[in-house]
Amino acid sequence: MYSLNVPVPGAVERLAADLHPNLSGFDRIRDRHSLVCKRFEADEADLHRLRERLRTALSPTPAFEARITGIDAFETPTHGPGPVVYLAVESPGLRDLHSRLVEAFGAVDDDLEGPAYVPHVTLARDGPADAVARLRETDIDPVTWTVSELHLWSRARRETVRSVPLPRS
């Protein structure tokens, strides 16, 4: 399994670190933060083919803006225990890219990658309702950045296997 991820800038990592004390009641707290654009079902033997298909599919993609706008939660996530608390992301460029990749590669999971796709950076999962409510009410300063690179992440290797630069328009 692979995923094409948007690397998050240091300002997003600092925001997540600042929120960490508010996540103490959650069973699973994320240490590494990423923003998934698209998932791919492929094994190690398919990596070369996947990289080539991605190169073609991404060739017209310029850099785009993304913005953390607040904190929200999936009360009943499609997989695993909930709720899942996350940093909400607004990015028309990311949504467009996601749609194009789903069209080119198909959806790995219609609930995650179909019309209900929600760009987000997961903070924690499986915590108490009162903690979720407090986090949702937390005011944060928005973080805006230009996405100028994408990372192809290998679940098996637990590392980035390819970085794809996006040209600035």
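None of the values given here were measured: they were computed from a predicted structure.

Student: What should I look at first to understand the overall build of the protein chain in this one?
Tutor: The number of helices and strands found in the protein chain is five helices and nine strands. Element order for the protein chain, N to C, with α for helix and β for strand: β-α-β-β-α-β-β-α-α-β-α-β-β-β. Scaling as 2.2 N^0.38, a compact globule of 169 residues should have a C-alpha radius of gyration of about 15 Å, and the protein chain matches this with 16 Å. Taking the principal axes of the C-alpha coordinates as reference, the protein chain spans close to 45 × 35 × 30 Å. The buried share among the 169 residues of the protein chain stands at 43%. A fraction of 79% describes how many contacts in the protein chain between residues 6 or more apart in sequence connect residues 24 or more apart. About 9100 Å² of surface is accessible on the protein chain, with carbon and sulfur atoms providing 46% of the total.

Student: Help me out: how do you make sense of the nonpolar core in this one?
Tutor: For soluble globular proteins, the rule of thumb is that nonpolar side chains tend to be buried together. Formed by 48 residues in total, the largest nonpolar core has its most connected members in Leu54, Ile68, Leu87, Leu101, Trp145, Leu150 and Leu152. With residues up to four places along the chain from it excluded, the contact list for Leu54 reads Leu4, Phe40, Leu101, Phe105 and Leu152.

Student: When you look at the sheet that holds strand β6 (residues 120–125) in this model, what are you seeing that I'm missing?
Tutor: Sheet strands associate in pairs through backbone hydrogen bonding, adopting either a parallel or an antiparallel arrangement. A sheet is described by the order of its strands in space; here five strands give the open sequence β2-β6-β5-β4-β7, paired in antiparallel fashion. Strand pairing shows two members of the sheet lacking a second neighbour, β2 (28–29) and β7 (143–147), which therefore form its edges. For β2 and β6, the ladder comprises two bridges, and the chain directions are antiparallel. When the sheet's bridge partners are listed, Arg28 is paired in β6 with Arg125. Those strands touched by helix α1 (residues 10–19) are β4 (64–74), β5 (84–90), β6 and β7, and its axis lies near 145 degrees from that of β7. Against the sheet, helix α5 (residues 129–137) engages β4 and β5, with an angle of about 145 degrees to β4.

Student: For this particular structure, what's the right way to read the pattern of salt bridges?
Tutor: A side chain with one charge can pair with a side chain of the opposite charge if their charged atoms come near. Taken as a whole and judged by the stated rule, the model has six salt bridges. Asp72 is the partner of Arg136 in a salt bridge, and the nearest nitrogen-oxygen pair spans 2.9 Å. Here Asp72 lies in strand β4 and Arg136 lies in helix α5, a separation of 64 residues in the sequence. Ionic pairing is found between Asp96 and Arg100, a salt bridge with its closest N-O pair at 3.5 Å. With Asp96 and Arg100 both in helix α3 (residues 92–105) and four residues apart, the pair spans about one turn of that helix. Classification of Asp96 as partly exposed rests on a relative accessible area of 42%. Overall, Arg100 belongs to the partly exposed group, its relative accessible area being 28%.

Student: How do you make sense of the sheet that holds strand β1 (residues 2–7) when you look at a structure like this?
Tutor: With respect to topology, four strands assemble into an open sheet ordered β3-β1-β8-β9, the strand pairing being antiparallel. Each edge of the open sheet carries a strand with a single partner, namely β3 (34–40) and β9 (159–165). If you compare each strand with its neighbour and ignore which way they point, the axes differ by 30 degrees on average. Direction of pairing for β1 relative to strand β8 (residues 149–154): antiparallel, over a ladder of four bridges. For Tyr2, the partnering residue across the bridge sits in β8 and is Ser154. Set on the sheet, α3 makes contact with β1, β3 and β8; between it and β3 the angle comes to about 15 degrees.

Student: Got a minute to help me understand the packing of aromatic side chains in this structure?
Tutor: Ring pairs (aromatic) are described by centroid distance and by the angle formed between their planes. One pass over the structure, following the stated rule, counts two aromatic pairs. Ring geometry for Phe40 and Phe105: centres 4.9 Å apart, planes at 75 degrees, overall edge-to-face. Here Phe105 lies in helix α3 and Phe40 lies in strand β3, a separation of 65 residues in the sequence. For the pair shown, Phe40 and Phe105 are each scored as buried.

Scoring rules and cut-offs
Residues numbered from 1 in each chain as written. Predicted model: local features only at pLDDT ≥ 70, side-chain atom pairs only at ≥ 80, totals over all residues. Heavy atoms only, no water. Helix = DSSP H or I, 4+ residues; strand = E, 2+ residues; numbered from the N terminus. Rg over C-alpha atoms; globule rule 2.2 N^0.38 Å. Buried < 20%, exposed > 50% of the residue type's maximum accessible area, 1.4 Å probe, protein only. Contact = heavy atoms within 4.5 Å. Areas by Shrake-Rupley, 256 points an atom, 1.4 Å probe, with all protein chains shown as cover. Core = buried A, V, L, I, M, F, W, Y, C linked by side-chain atoms within 4.5 Å. Pairing = 2+ DSSP bridges. Axes fitted to C-alpha atoms, helices over the stretch in contact; angles between N-to-C directions. Salt bridge = Lys/Arg side-chain N within 4 Å of Asp/Glu carboxyl O. Phe/Tyr/Trp six-rings, centres within 6.5 Å; stacked < 30°, edge-to-face > 60°.

Worth remembering: the numbers are spatial, not functional.
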